[in-house]
Amino acid sequence: MFDDAKRIQIALIPQQNPLLFSRRTRHFKLVVEESDEDNWLDESNPDEVRRVLDAIINQGARFGAVRLVVINDTLELITGYSVMTDVLRLPGDPPRRWFDRDVLRDVCYAARQEVLSVMNTYSAFTKKS
């Protein structure tokens, strides 16, 4: 029982090196890492709680929030940010199994909007009179 409680505690706390993966283009980087944001495992759904606890105890899964950050490498500026909560990650599973592409679309959209905002801010300097 104590070992199970310890496994659950370890599975819920972000690791020392929280980086899960990153992807890079010429000017931007997407960083995906574990986060200590709040999770909302719903107690009113006992089947889901049972499934998560079973995966943690018997399969060594991790459960928690995952942070997505889009960084402009040129300016070292965060241009997009989002968090996926209640992510159950089994050992050895590729990101496509647990990664929510809708959240990726949202964070990329936010990054594009931020880039457009910065471009509009500096457009006054580039306009010729």
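Check the entry above for the structure.
Remember, predicted model here, so these are calculated numbers, not experimental data.

(A) Region of interest: the pattern of salt bridges. By the definition in use, this model includes 9 salt bridges. Between Arg24 and Asp73 there is a salt bridge; the shortest N-O distance is 2.9 Å. Here Arg24, found in strand β1 (residues 19–24), pairs with Asp73, found in the loop between β3 (62–72) and β4 (77–89); they are 49 residues apart in sequence, far enough to count as distant. A salt bridge links Arg97 to Asp93; the nearest nitrogen and oxygen atoms lie 3.3 Å apart. Through salt bridges with shared partners, a single ionic network connects Glu34, Arg62 and Arg89.

(B) The sheet that holds β4, seen in detail. A sheet is described by the order of its strands in space; here 4 strands give the open sequence β1-β2-β3-β4, paired in antiparallel fashion. Both outer strands of the open sheet, β1 and β4, are each paired with one neighbouring strand and no more. Taken over all neighbouring pairs, the strand axes of this sheet differ in orientation by 15° on average, direction set aside. Summarising the sheet, β1 and strand β2 (residues 28–35) pair through 5 bridges and their orientation is antiparallel.

(C) Quick look at the pairing of β2. Of all 8 residues in β2, 6 are buried, a share of seventy percent or more. By the bridge criterion, 8 bridges tie β2 to β3 in an arrangement that is antiparallel. Residue pairing for β3: Lys29 is matched across the bridge by Ile71.

(D) The arrangement of the environment of Pro14 in detail. Secondary-structure assignment places Pro14 in the loop between α1 (2–12) and β1. In this structure the C-alpha to C-alpha distance between Pro14 and Ser35, which are 21 residues apart in sequence, comes to 6.1 Å. Among all residues touching Pro14, those that are not within four sequence positions of it are Glu34, Ser35, Asp36 and Arg62.

(E) The nonpolar core, seen in detail. By size, the foremost hydrophobic cluster in this structure holds 14 residues, and its most contacted members are Val32, Val66, Leu68, Met84, Trp98 and Phe99. The set of elements that each furnish at least two residues to this core consists of β2, β3, β4 and α4 (101–126). Residue contributions to this core peak at 4 residues, all from α4. Apart from residues lying up to four places away in sequence, Leu68 is in contact with Leu30, Val31, Val32, Gly80, Tyr81, Ser82, Met84, Phe99, Val103, Leu104 and Val107.

(F) Structural detail: helix α2 (residues 46–59). Here α2 spans 19 Å end to end across 14 residues, near enough to the 20 Å set by a 1.5 Å rise per residue. All of the buried residues along α2 are Val52, Ala55 and Ile56. Buried residues of α2 fall within an arc of 95° about the axis and therefore sit on the same side. Within α2, the exposed residues directed more than 90 degrees away from the buried face are Asp47, Arg50 and Asn58. Its buried side turned inward, α2 meets α1, β3 and β4. Gly60 occupies a position one or two residues after α2 and carries a positive phi of about 75°.

Rules used in this analysis
Residues numbered from 1 in each chain as written. Predicted model: local features only at pLDDT ≥ 70, side-chain atom pairs only at ≥ 80, totals over all residues. Heavy atoms only, no water. Salt bridge = Lys/Arg side-chain N within 4 Å of Asp/Glu carboxyl O. Helix = DSSP H or I, 4+ residues; strand = E, 2+ residues; numbered from the N terminus. Pairing = 2+ DSSP bridges. Axes fitted to C-alpha atoms, helices over the stretch in contact; angles between N-to-C directions. Buried < 20%, exposed > 50% of the residue type's maximum accessible area, 1.4 Å probe, protein only. Contact = heavy atoms within 4.5 Å. Core = buried A, V, L, I, M, F, W, Y, C linked by side-chain atoms within 4.5 Å. Expected span 1.5 Å × (residues − 1). Arc of directions from axis to C-beta.

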